[in-house]
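One-letter residues, chain by chain:
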Amino acid sequence: MTPIVVGFAGKIGSGKSTLSKELARIQGWPWVSFGNYVRLLARSRGLNEDRAVLQGLGESLVQNHCAEFCRSVLESGNWTSNRPIILDGIRHIEVVRELKRTVAPLRFVLVYLRIDDQNRQTRLNQRSVENLHEIDVHPMEVQVSQSLSKVADLILSGVDPLQDNIDKIIAYVK
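Worth saying up front: this structure is predicted, and the values here are computed from it rather than measured. (Residues numbered from 1 in each chain as written. Predicted model: local features only at pLDDT ≥ 70, side-chain atom pairs only at ≥ 80, totals over all residues. Heavy atoms only, no water.)

Participant: Even after reading the chapter, I still don't get the sheet that holds strand β3 (residues 85-88), so can you show me in this structure?
Facilitator: What links the strands of a sheet is backbone hydrogen bonding, and the strands pair in either a parallel or an antiparallel sense. With parallel pairing, the five strands of this open sheet are ordered in space as β2-β3-β1-β4-β5. Lying at the two open borders of the sheet, with one neighbouring strand each, are β2 (31-33) and β5 (154-157). The sheet shows a mean angle of 25° between the axes of neighbouring strands, direction not considered. With seven bridges connecting them, strand β1 (residues 4-10) and strand β4 (residues 107-114) associate as parallel partners. (Pairing = 2+ DSSP bridges. Helix = DSSP H or I, 4+ residues; strand = E, 2+ residues; numbered from the N terminus. Axes fitted to C-alpha atoms, helices over the stretch in contact; angles between N-to-C directions.)

Participant: Just to check I follow, could you spell out the packing of aromatic side chains for this structure?
Facilitator: Two measures describe an aromatic ring pair: the distance that separates the ring centres and the angle between the ring planes. Applying the stated rule across the entire model yields two aromatic pairs. An angle of 75° between the planes, with centres 5.4 Å apart, marks the rings of F34 and F69 as edge-to-face. In this pair, F34 sits in helix α2 (residues 34-44) while F69 sits in helix α3 (residues 51-76), placing the two residues 35 residues apart along the sequence. Each member of the pair F34 and F69 is classed as buried. (Phe/Tyr/Trp six-rings, centres within 6.5 Å; stacked < 30°, edge-to-face > 60°. Buried < 20%, exposed > 50% of the residue type's maximum accessible area, 1.4 Å probe, protein only.)

Participant: What's the story with the side chain of E98 in this structure? I'm lost.
Facilitator: On the secondary structure map, E98 appears in helix α4 (residues 93-103). Given the relative accessible area of 11%, E98 is considered buried. Once residues within four sequence positions are removed from consideration, E98 is found in contact with C66, A67 and C70. (Contact = heavy atoms within 4.5 Å.)

Participant: Can you help me understand the pairing of β3 in this one?
Facilitator: Of the two faces of β3, both are covered, the one formed by I85 and L87 as well as the one formed by I86 and D88. Alignment of β1 against β3, held across three bridges, turns out to be parallel. If you follow V5 over to β3, its bridge partner there is I85.

Participant: Explain the packing of α3 against α4 here, please?
Facilitator: Helix-helix packing is characterised by the crossing angle of the two axes and by the distance between the axes. Running from amino to carboxyl end, α3 crosses α4 at an angle of 50°, the nearest separation of the two axes being 10 Å. The orientation of α3 relative to α4 falls into the category oblique. For the pair α3 and α4, the crossing hand works out as right-handed. Contacts from V62, Q63, C66, A67, C70, R71 and L74 of α3 reach α4 at E94, V95, E98, L99, T102 and V103. Classifying every residue of the contact of α3 with α4 by side-chain character gives eight nonpolar, two polar and three charged. (Parallel < 35°, antiparallel > 145°, perpendicular 65-115°, else oblique. Left-handed = near helix turned anticlockwise from the far one by under 90°. Nonpolar A, V, L, I, M, F, W, Y, C, P; charged D, E, K, R; others polar.)

Participant: Would you mind showing me how to read α2 here?
Facilitator: Residues spaced three or four apart along an α-helix point in a common direction, a consequence of the helix completing one turn every 3.6 residues. Residues of α2 that are buried include every one of F34, Y37, V38, L41 and A42, and no others. All buried residues of α2 lie within an arc of 135° about the axis, which places them on one face of the element. Opposite the packed face of α2, turned more than 90 degrees from it, sit the exposed residues L40 and S44. Check the buried side of α2 and you find it contacts β2, α3, β3 and α4. The backbone nitrogen of G35 lies 3.2 Å from a side-chain oxygen of the residue at the head of α2, namely S33. Directly after α2, the chain includes G46, whose backbone phi takes a positive value near 75°. (Arc of directions from axis to C-beta. Polar contact = N/O pair within 3.5 Å; in protein donor to acceptor, adjacent residues only side chain to side chain.)

Participant: For this particular structure, what's the right way to read helix α8 (residues 162-173)?
Facilitator: The end-to-end C-alpha separation of α8 is 17 Å, in line with the 16 Å expected for twelve residues at 1.5 Å each. Residues of α8 that are buried: N165, I166, I169, I170 and V173. The buried side chains of α8 occupy one side of the element, clustering within an arc of 135° when seen end-on. Against β1, α1 (16-27), β4 and β5 lie the buried residues of α8. (Expected span 1.5 Å × (residues − 1).)

Structure, rendered in structure tokens:
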């Protein structure tokens with residue numbers, strides 16, 4: 001397959017990380033997570049790693065240093081130009097725009113995972129995460145569901161079998 005950059009977006013608990021990690025494993029491509037990068041940055045700054053702090057830090061990085069933020073995440077996955085990579089946890093439309101510029105001439109494909117609230121709550125309960133309403137009212141989460149789903153190249157169901165979704169992504173990018 002021609003080298004491309006595949007990004008994953010979707011609400012918390014939609015299955016982004018599970019799907020993106022498995023696709024990376026199957027393709028033998030590097031995988032990197034925006035969320036993991038923000039957590040490491042918070043830790044290096046001595047900040048608390050609760051959801052509110054991480055969301056605030058991520059928002060600040062996007063608003064004040066979006067290009068640098070995107071390059072740093074790519075570099076944390078050892079990405080170099082003309083090589084494929086899988087990016088997990090895209091939360092901002094500005095990041096999508098910046099990634100398209102940064103990875104060019106490679107093609108950037110955004111995969112959005114949809115999932116109903118009942119299945120999300122079940123998954124979040126297994127991870128001891130707070131309820132959906134508390135998560136979904138944050139402006140960043142609103143942007144994920146309203147903006148990123150509209151610019152996604154491929155929209156998949158987060159409850160479909162993992163292999164089915166992987167097959168759909170591979171077929172789409174070919």
